[in-house]
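The lines below spell out each chain.
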Amino acid sequence: MTEKSVLVTGACGEIGQALVQGMATRGGYRVVTADLAPLPDSIRSMSAEHVQGDLVNRIKQFYDYDFDIIYHLAASLSSKAEVATEEAHRINVEGTMQLLMLAAYKSEKYKKSVKFLFPSSIAAYGMTDRVEKQKAGRVKEEDYDNPHTMYGCNKLYCEKLGMYYGRFNGQRHLDPNPPVMLDFRAIRFPGLISAFTLPSGGTSDYGPEMLHHAAQGQAYSCFVREDTKISFMAMPDAIKSLLMLTDVPREKLTSQVYNIAAFALTAGEFRDRAAQAFPGATITFEPNPRRQGIVDSWPEDVDDSRARKDWAWKPDYDVDKFFEEYFLPEIRKRYGK
Ligand code: AKB
C-alpha cells in the first residue's frame, strides 16, 4: 500500500503532537510537519520533513508537494487572539485561506480531492449571557452561531470558507464539466485535555492547568467561577475523531461541520476531582471578567448526534474513564506523584 502524503500545520501544538504520534502508531503516512517552532524531540523521528516558519509567508513552498490530506491545526487560540486581534486574524484566517487555495488547486489539477481537516471549536458559538447558556443546554451545529471572540469569528468564517472551496469555488460547480474540488471536513472541538502537554493562549485552559498544577503540588488560581460549565474531552478522543472523520467515505457525510462531545464539567467539579486525586491541592477561584465572559458565551454542552449518526462517533473516555484510565495514571507517571 502506498503511503498517504500528509501535511500537519501547527504540529508543535497540543493536537499536532498527539496527531503526529497517532499517525505514527497507525502507520501508512508520510508526514510533513509545519510550525513556527522547531519540532519537540518526542515527535522529531515521526516527521519526514519539518518546515519551520510563518505559514502565510511559506505557502509557496507547499506547492512543491502533493498532499493527500492536510490537517490545518495552526491557530492563535481564544484568549491570545483577544489581545492581538489583527495577528490572530492573519494566522487563523489568512493561513487557512492560503492552504485552502493550495488544496483547491491541487484537487483540480490531479482530479482528486485533497482532504482538508479543520479543527473548529465550541468558540464558534456565542450565547448572549449565562441565562441563555443554561437554557440552551446541548446545542446543535446550526444554533447560536454568533461568536463573541476574534478566534470564534475566525473559526466560524473558516468553516464557511472551507465549504466554499469544497463546493462552490468560482461558481464552477455550475459549469458543464465542474472541476474536482477539495474535500473539507471540520470538527468543533470542546476544551481538550492532554496528560502530556499543556495548552497556551486558550480560555478552556483552566481545566488542564488546574489538573497539571494539582498533580505537581502547585497552587492554582482559576480564572473562571466555580459554576462555569463547558464540555471537555481527552486528547486521545480528539485524535480518534480526526482520524475517524478523515477515513469516512464522503458520501456518508451529510455535513461538513460536526460537533463532538465527551463530558461537560463545571470548574468546581474539576476542583473536586483534582482534590480527591491529589489531597492537599490548593485551588482557588479568582475570575477574570474578560476570560469569564468568553467562557460564559460558550455552550454548556454540545449535541454530537450528527457525528454519531454519520460516522459512528463515540468517545472512549467519559468523565470517570478520563480520570481513572487516562489522565491520572499518565500524570502520575509524568510527575511521579
Ligand atoms: C480555546 O480555549 O481557545 C480552545 C478552544 C475551546 O477552541 N481550547
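Check the entry above for the structure.
Positions within a chain are numbered from 1, following the residues in the order the chain's sequence is written. Thresholds applied to this predicted model are a pLDDT of at least 70 for local features of residues and 80 or more for the giving and counting of side-chain atom pairs; totals over whole chains, interfaces and linings are not thresholded and use all residues. In computing side-chain properties, one takes all heavy atoms of the structure into account and sets aside hydrogens as well as water.

Draft legend 1. Region of the structure containing the packing of helix 8 (residues 206-215) against helix 13 (residues 319-335). Axes, fitted as lines to C-alpha atoms, cover a helix only where it is in contact. Angles between the N-to-C directions of the axes lie from 0 to 180 degrees. Numbered from the N terminus, helices here are DSSP runs of H or I no shorter than four residues, and strands are runs of E no shorter than two. Where helix 8 contacts helix 13, the axes come no closer than 10 Å and their chain directions differ by 50°. With respect to their mutual orientation, helix 8 and helix 13 come out oblique. With respect to the hand of their crossing, helix 8 and helix 13 are arranged in right-handed fashion. Residue-level contacts link L211, H212 and A215 of helix 8 to F322, F323, F327, I331, R334 and Y335 of helix 13. Angular relationships are summarised with four words: roughly parallel below 35 degrees, roughly antiparallel beyond 145, roughly perpendicular across 65 to 115, and oblique for the angles in between. The crossing is said to be left-handed when, going from far helix to near helix, the turn is anticlockwise and less than a right angle, and right-handed when the turn is clockwise. Should any heavy atoms of two residues lie within 4.5 Å, those residues are counted as being in contact.

Draft legend 2. Just the pairing of strand 7 (residues 183-189), in detail. With a 1.4 Å probe rolled over the protein chains alone, any residue whose accessible area is under 20% of its type maximum counts as buried; one over 50% counts as exposed, and the rest are partly exposed. Of all seven residues in strand 7, seven are buried; the element is thus mostly enclosed. Here strand 7 shows a buried face lined by D183, R185, I187 and F189 and a second buried face lined by F184, A186 and R188. The rule for pairing is simple: two strands pair if DSSP sees at least two bridges between them. In terms of strand pairing, strand 5 (residues 115-121) meets strand 7 through seven bridges, oriented parallel. Bridge pairing links P119 to I187 in strand 7. Sheet topology places strand 7 next to strand 11 (residues 257-259); three bridges connect them, and they run parallel. Note that in strand 11 the partner of R188 across the bridge is N259.

Draft legend 3. Region of the structure containing the site of the ligand. As a matter of local geometry, the ligand sits amid L77, S78, S121, I122, Y151, G202, T203, S204 and W298. Here a polar contact is taken to be a pair of N or O atoms separated by no more than 3.5 Å, where protein atoms must pair a possible hydrogen donor with a possible acceptor and residues adjacent in sequence count only if both atoms sit in side chains. S121 is positioned such that a nitrogen or oxygen atom in its side chain is 2.7 Å from an oxygen atom of the ligand. Using a 1.4 Å probe, the Shrake-Rupley method yields the accessible areas, and only the shown protein chains count as cover for residues. In the complex, the protein chains occlude 91% of the 260 Å² of accessible area that the ligand would expose alone. Among the cavities detected, the one that contains the ligand is the largest pocket. Near, as used in this document, describes a residue that has one of its heavy atoms within 4 Å of the molecule or strand being considered. Whether a set of points on the 1 Å grid over the protein atoms alone is a cavity depends on a 1.4 Å probe fitting there but being unable to get out, while an open set qualifies as a pocket with protein on both sides within 12 Å along at least five of seven lines; lining residues are those with an atom within 4 Å of a point. More than half of a molecule's atoms lying within 2 Å of a cavity's or pocket's grid points is what places that molecule inside it.

Treat this as a map of the structure, not an account of what it does.
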